[in-house]
Amino acid sequence: MAFQETVSILSGQSEIEVKERIKALLFVKQRGESMIQFEHVVKEYTGKEKNKIRILDGISLTVEKGEMIALLGANGSGKSTLVKCLCGVIRPSEGKITVDGQDTFQKRKQLVKNMGVIFNQKPSFIVDLSVSDNLKFFQAIYGISQGDFQRNLAFLDGYLHIAGLLEKPYRKLSFGERVKCELVSILLHEPQYIYMDEPTIGLDYNAKKGLYDLIAELKGQGRTILIITHEVDYIEGVCDRAVILRGGRVCYDGNPRTVTDKVGKSQKMIVKYEAVLHGDKAGKLLEKASSVKAEEKELEFTIQEGEDSGRLIAELAEAYRIQSLNMEHVSVREVLEDVLKETV
């Protein structure tokens with residue numbers, strides 16, 4: 001965009017409006033530029049018997065500016081280790097991670113100034129100080145001006161509602177209240193890249209909704225966000241990509257709304273029956289069922305695309321006195337959960 005055009009757009013606007021417009025213009029320019037690059041990242045530890053334990057096994061990923069990534073996987077799949085390497089907390093055994101072209105381990109002190117991180121709800125507050133004094137401590141660490149501090153705190157309070165906690169000692173807060181305060185502390189300095197490890201643990205419904213709304217707002221501002229979560233209903237609607245780890249490797253990397261294209265389009269057949277008509281035939285059908293609720297006399301079958309459901313219905317009619325039969329689409333949540341189960 002030409003300079004004169006930019007001046008024309010910004011003329012007559014307040015200073016705050018000008019700043020927000022410039023951010024938007026820069027964001028449009030930056031979209032599509034690689035911000036985070038994982039190149040064949042390996043992380044190994046030495047076990048008690050001097051054997052090598054590989055936690056990350058050749059991870060290669062590219063994250064664009066302004067993307068929101070959901071990092072999924074079973075316990076022990078390497079999620080937290082990957083984020084620690086990304087933050088420069090630990091150094092990869094092999095490979096390299098860069099943020100804006102800078103090595104995250106070698107340049108961690110420079111990069112942390114523009115980074116907001118929450119790890120497994122591990123507290124960073126001084127427990128005997130009030131919430132307000134703790135936040136002022138973070139203000140000093142990041143060199144936030146008083147005006148920006150007040151503005152950012154008011155903005156974050158609009159979502160997380162911590163105003164009533166500011167004068168309380170941190171040690172007297174409930175777990176959920178502590179989580180909200182920790183979230184505010186990592187966002188006060190307006191970081192452009194945000195990494196969250198299960199940030200909703202301990203939050204009630206209203207606090208969780210506030211956090212979701214806040215994350216959506218930050219994403220709209222062009223922040224780059226990586227979130228470890230098991231709340232797959234949420235990631236389907238907000239995240240740009242889902243990255244699933246299994247055994248330290250990427251087993252899926254793509255749009256969460258199109259995971260079904262990878263796994264295969266399928267439907268659920270839910271059958272309720274009144275009685276068993278043929279024991280042997282019913283026994284064979286039980287082996288095919290994806291879910292059995294014996295007390296409720298309910299069976300569930302997964303029908304893959306192209307599979308003949310008519311034949312299955314005929315077999316069911318011979319084996320059971322059917323009360324009802326319904327077909328439902330498999331949700332993205334169920335598909336993702338199936339993939340996660342495979343990582344165990």
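Below you will find a few notes about this structure. Positions within a chain are numbered from 1, following the residues in the order the chain's sequence is written. With pLDDT at 70 or above as the cut-off, local features in this predicted model cover only qualifying residues; side-chain atom pairs require 80 or more to be listed or tallied, and sums for whole chains, interfaces and linings still use all residues. To obtain the side-chain values, all non-hydrogen atoms of the structure were used and water was disregarded.

1. Observations regarding the overall build of the chain
In terms of regular secondary structure, the chain is built from 13 helices and 14 strands. In the chain, which comprises 344 residues, the share counted as buried stands at 42%. Every residue pair with non-hydrogen atoms within 4.5 Å of one another is taken to be in contact. Within the chain, contacts between residues at least 6 apart in sequence are counted, and of these 69% link residues at least 24 apart. Numbered from the N terminus, helices here are DSSP runs of H or I no shorter than four residues, and strands are runs of E no shorter than two. The rule is simple: take the accessible area with a 1.4 Å probe, protein chains only, and divide by the maximum for that residue type; under 20% is buried, over 50% is exposed, in between is partly exposed.

2. Describing the packing of aromatic side chains
The pairing test for Phe, Tyr and Trp rings, Trp by its six-membered ring, is centres within 6.5 Å, and the orientation test on the planes gives stacked under 30 degrees, edge-to-face over 60, and tilted for anything in between. Summed over the entire model, instances satisfying the criterion amount to 6 aromatic pairs. Where F155 meets Y159, the ring centres are 5.4 Å apart and the plane angle is 70°; that geometry is what we call edge-to-face. Of this pair, F155 and Y159 both sit in helix α6 (residues 146-160), 4 residues apart, which is roughly one turn of that helix. Exposure remark for Y159: the relative accessible area of 21% places this residue in the partly exposed category. When the ring of Y273 is compared with that of Y320, the centres are 4.5 Å apart and the planes differ by 45°; the resulting orientation is tilted. Placement of Y273 in strand β11 (residues 266-276) and of Y320 in strand β14 (residues 320-329) is noted, with a sequence separation of 47 residues between them. In this structure an aromatic cluster arises from ring pairing among F125, F137, F138 and Y170.

3. Focus: the pattern of salt bridges
The rule for a salt bridge is simple: a side-chain nitrogen of Lys or Arg has to be within 4 Å of a carboxyl oxygen of Asp or Glu. Taken as a whole and judged by the stated rule, the model has 17 salt bridges. Among the charged side chains, a salt-bridge network with shared partners connects E44, R54, D57, E94 and R249.

4. Quick notes on the sheet that holds strand β9 (residues 241-246)
Two strands are counted as paired when DSSP detects at least two bridges linking them. Read from one edge to the other, the open sheet built from 6 strands follows the order β6-β7-β8-β3-β9-β10, with strand pairing classed as mixed. Every other strand in the sheet has two partners, leaving β6 (115-118) and β10 (249-254) as the edge strands with one partner each. The mean inter-strand angle of the sheet, taken between neighbouring strand axes irrespective of direction, is 15°. Seen against the sheet, helix α3 (residues 79-87) touches β3 (68-72), β6, β7 (193-197), β8 (224-228) and β9 and runs at an angle of roughly 150° to β8. Helix axes are fitted to C-alpha atoms over the stretch in contact, other axes to C-alpha atoms as well, and angles between N-to-C directions run from 0 to 180 degrees. In the packing of helix α7 (residues 175-187) onto the sheet, contacts are made with β6 and β7, and the angle to β6 comes to roughly 160°.

5. Structural notes on the packing of α6 against helix α8 (residues 205-220)
The geometry of α6 relative to α8 is characterised by a closest axis approach of 7 Å and an angle of 135° between their N-to-C directions. Compared by their axis directions, α6 and α8 come out oblique. Contacts between α6 and α8 pair F155, L156, Y159 and L160 from the former with A207, G210, L211, D213, L214, E217 and L218 from the latter. Ten residue types, Ala, Val, Leu, Ile, Met, Phe, Trp, Tyr, Cys and Pro, are classed as nonpolar, four, Asp, Glu, Lys and Arg, as charged, and the remainder, Gly among them, as polar. When the residues that make up the contact of α6 with α8 are grouped by side-chain class, the tally is 8 nonpolar, 1 polar and 2 charged. Throughout this description, any angle smaller than 35 degrees is read as roughly parallel, any larger than 145 degrees as roughly antiparallel, any in the 65 to 115 degree range as roughly perpendicular, and the remainder as oblique.

6. A word on α7
What a helix should span is 1.5 Å times the count of its residues minus one. The first and last C-alpha atoms of α7 sit 19 Å apart over 13 residues, in line with the 18 Å expected at 1.5 Å per residue. α7 sits mainly inside the fold: 10 of its 13 residues count as buried. Within the sequence span of α7, burial applies to G176, V179, K180, C181, E182, L183, V184, S185, I186 and L187.

7. Here's the deal with the side chain of H189
Inspection of the secondary structure puts H189 in the loop between α7 and β7. Apart from the residues lying within four places of it in its own chain, the contact partners of H189 are V112, K113, M115, G116, Y142 and I144.

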